Amino acid sequence: MKYVITGGAGFIGSHLAESLVNRGDSVIIFDDLNTGKKQNLIKVLDKIKFVEGDVRNYNSLEKIFQSTDGVFHHAARASVQESFLKPAEYFDINVNGTENVFKIAHSLGIKVVYASSSSVYGMPTKLPIKEDDPKNPINPYAKTKLEDEKIARKYALKGLNVIGLRYFNVFGERQSKEYAGVIKLFLERIQEKLPPKINGDGLQTRDFVYVGDIVLANILSMESNIDHTFFNVGTGTNISVLEIARMMVKYSGLDLEPIHGPVLEGDVKDTLADISHIKRELDWKPTVFLEEWLKKKITTFNINYKT
Ligand SMILES: NC(=O)c1ccc[n+]([C@@H]2O[C@H](COP(=O)([O-])OP(=O)(O)OC[C@H]3O[C@@H](n4cnc5c(N)ncnc54)[C@H](O)[C@@H]3O)[C@@H](O)[C@H]2O)c1
């Protein structure tokens, strides 16, 4: 099959590109290299077509969507903190860019699987969070993701096949430094033998899901007979940021005590996905869990310390 991945030079998109290429699919990546890097695609660069472009540019998107079987839409600005500084730019890229994707895919009759976000829920009223629970986004980035969902519904009513995947906190290799979640930032500190720096008391909890499992959710969604839905993509387990910091220090064997900084604006207190919908409909389940992944990763650092 022939697929387009918008945002394919980024963290998640580049993992998806590798999996599709390994299966024998043809892949076109459309990315403006804003936060993405060609380096992320080093393993597949000679096997894919790379087009540098902006999702706000309707005409260039339209050209590359021709004669493809589906679009995985991942292009977005994804930093909560930056979205407070540049709300209009975030809206333009994440909302207008996404509407371009839906509009063109609809006119060509191709399916879209796209990256929504658990941030659409905002502060959850109860845990675990189900897909139908209230949506109260608390930062400009999250608001763009909720707006995208409204647009997805509008185009679905017109006949577009579109599945939105509400990713919880994604971790894995190549997570971008600038927009990194806590895992990447803590790992960097530990590697430099510095204590992890926690925003606030660290009692906030997150549902961390592995990037390889996110890739599988994308492929299963694309290949399913489901025309339109939204799926939570998490693990159904959560852990506090403080526990992660302590766990990482323990695995490192270093004598460190986490330090605390101010609470970040726009940060939710807790997340935890109810994943029964995706389990039932796609037979998807998480296969890699944070603790075992971190243990392996930090053991590798320990070997490096000694060399
Ligand atoms: N990483 C997470 O934990 C997480 C959680 C929920 C949702 N998401 C969503 O998943 C998607 C991918 O996130 P990621 O973590 O891989 O981030 P990323 O920043 O690594 O990837 C985003 C990609 O989009 C590209 N891009 C940005 N603006 C563009 C534009 N105007 N035109 C074309 N390309 C553009 C960037 O260059 C980058 O390659 C995003 O839509 C993000 O909102 C991510």
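Residues numbered from 1 in each chain as written. Predicted model: local features only at pLDDT ≥ 70, side-chain atom pairs only at ≥ 80, totals over all residues.

Q: Talk me through the overall build of the chain; I want residue IDs and the actual numbers.
A: A tally of regular secondary structure across the chain gives 10 helices and 13 strands. Relative to its length of 307 residues, the chain is compact, with a C-alpha radius of gyration of 19 Å against a globular reference of 19 Å. Each of the three principal axes of the chain carries a C-alpha extent, and together these read 60 × 45 × 40 Å. Per-residue burial over the chain gives 43% buried out of 307 residues. (Helix = DSSP H or I, 4+ residues; strand = E, 2+ residues; numbered from the N terminus. Rg over C-alpha atoms; globule rule 2.2 N^0.38 Å. Buried ≥ 20, exposed ≤ 12 C-beta atoms within 10 Å, placed from the backbone.)

Q: Quick rundown of the domain arrangement of the chain? Include the residues and the values.
A: When cut into domains, the chain gives domain 1 (2-170 + 208-233) and domain 2 (177-206 + 237-272 + 288-306). Each of domain 1 and domain 2 was reduced to a C-alpha centroid, and the two centroids are 27 Å apart. Counting residues at the interface gives 21 residues for domain 1 and 16 residues for domain 2. Counting only elements with at least two residues in the side of domain 1 that touches domain 2, the list comes to helix H3 (80-85), strand S10 (208-210) and helix H7 (211-223). At 3 residues, H3 tops the list of elements feeding residues into the side of domain 1 that touches domain 2. In terms of residue class, the side of domain 1 that touches domain 2 is built from 12 nonpolar, 8 polar and 1 charged. (Domains from an automatic or database assignment. Contact = placed C-beta atoms within 7 Å. Nonpolar A, V, L, I, M, F, W, Y, C, P; charged D, E, K, R; others polar.)

Q: Tell me about unusual backbone geometry, residues and numbers included.
A: Pro128 follows Leu127 through a cis peptide bond whose omega is -10 degrees. Position of Pro128 among the secondary structure elements: in the loop between strand S5 (111-117) and helix H5 (140-157). Positive phi outside glycine occurs at Asp283, with the angle close to 55 degrees. Along the chain, Asp283 falls in the loop between helix H9 (276-282) and helix H10 (290-306). The exposure class assigned to Asp283 is exposed, which follows from the 9 C-beta atoms found within 10 Å.

Q: Break down the site of the ligand for me, citing the residues and quoting the values.
A: Close to the ligand lie 31 residues, the nearest being Gly7, Gly10, Gly36, Ala76 and Ala115. At the level of secondary structure, the elements contributing two or more residues to the shell around the ligand comprise helix H1 (11-23), helix H4 (87-108), S5 and strand S7 (169-171). Sort the elements by how many residues they give to the shell around the ligand and H1 lands first, with 3 residues. In terms of residue class, the shell around the ligand is made up of 13 nonpolar, 13 polar and 5 charged. (Near = placed C-beta within 6 Å.)

Q: Now, about H5: what can you tell me, with residues and values included?
A: The end-to-end C-alpha distance of H5 is 26 Å, a good match for the 26 Å that 18 residues give at a rise of 1.5 Å each. When we look at burial in H5, the residues that qualify are Pro140, Tyr141, Ala142, Lys143, Thr144, Lys145, Asp148 and Ala152. Within two residues after H5, Gly159 carries a phi angle of roughly 115 degrees, on the positive side. (Expected span 1.5 Å × (residues − 1).)

Q: How would you explain the environment of Gly97 if you had to name every residue and give the values?
A: Secondary-structure assignment places Gly97 in helix H4. Given 25 C-beta atoms within a 10 Å radius, Gly97 is considered buried. Residues Gly97 and Asn57 lie 40 residues apart in sequence; the distance between their C-alpha atoms is 7.7 Å. Not counting residues within four places of it along the chain, the set of residues in contact with Gly97 comprises Val55, Arg56 and Ala75.

Q: Tell me about the nonpolar core, and name the residues and values.
A: With 77 residues, the main nonpolar core has Ala105, Val112, Ile214 and Val233 as its most contacted residues. The biggest single contributor to this core is H4, with 6 residues. If you count residues domain by domain, this core takes at least three from each of domain 1 (2-170 + 208-233) and domain 2 (177-206 + 237-272 + 288-306). If near-sequence neighbours (up to four positions away) are discounted, Ile214 is found in contact with Ile12, Tyr167, Val170, Val209 and Val233. (Core = buried A, V, L, I, M, F, W, Y, C linked by C-beta atoms within 7 Å.)

Q: Any details on the packing of helix H2 (residues 58-65) against H4? Residues and values, ideally.
A: Following both chains from N to C, one finds H2 and H4 inclined at 40 degrees, their axes separated by 10 Å at the closest point. Between H2 and H4, the angle is such that the two are oblique. The crossing of H2 and H4 is right-handed. On H4, the residues touching Tyr58, Leu61, Glu62 and Phe65 of H2 are Asn100, Val101, Ile104, Ala105 and Leu108. (Axes fitted to C-alpha atoms, helices over the stretch in contact; angles between N-to-C directions. Parallel < 35°, antiparallel > 145°, perpendicular 65-115°, else oblique. Left-handed = near helix turned anticlockwise from the far one by under 90°.)

Q: Give me the lowdown on the environment of Ile275, citing residues and values where you can.
A: Tracing the backbone through its elements, the reader meets Ile275 in the loop between strand S13 (259-261) and H9. By the C-beta count within 10 Å, which is 26 here, Ile275 ends up buried. Sequence separation between Ile275 and Gly181 is 94 residues, and the spatial gap between their C-alpha atoms is 21 Å.

Q: Report on the pairing of strand S1 (residues 2-6), specifying residues and quantitative values.
A: Of all 5 residues that make up S1, 4 are buried, and the element is covered over most of its length. Direction of pairing for S1 relative to strand S2 (residues 26-31): parallel, over a ladder of 5 bridges. Bridge pairing links Lys2 to Ser26 in S2. Tracing the backbone out of S1, into H1 and back to the parallel element S2 gives a crossover that is right-handed. Of the pairings in the sheet, the one linking S1 to strand S4 (residues 70-73) comprises 4 bridges and is parallel in character. Within S4, the residue paired with Ile5 across the bridge is Phe72. (Pairing = 2+ DSSP bridges. Right-handed = clockwise from strand over helix to strand, strands pointing away.)

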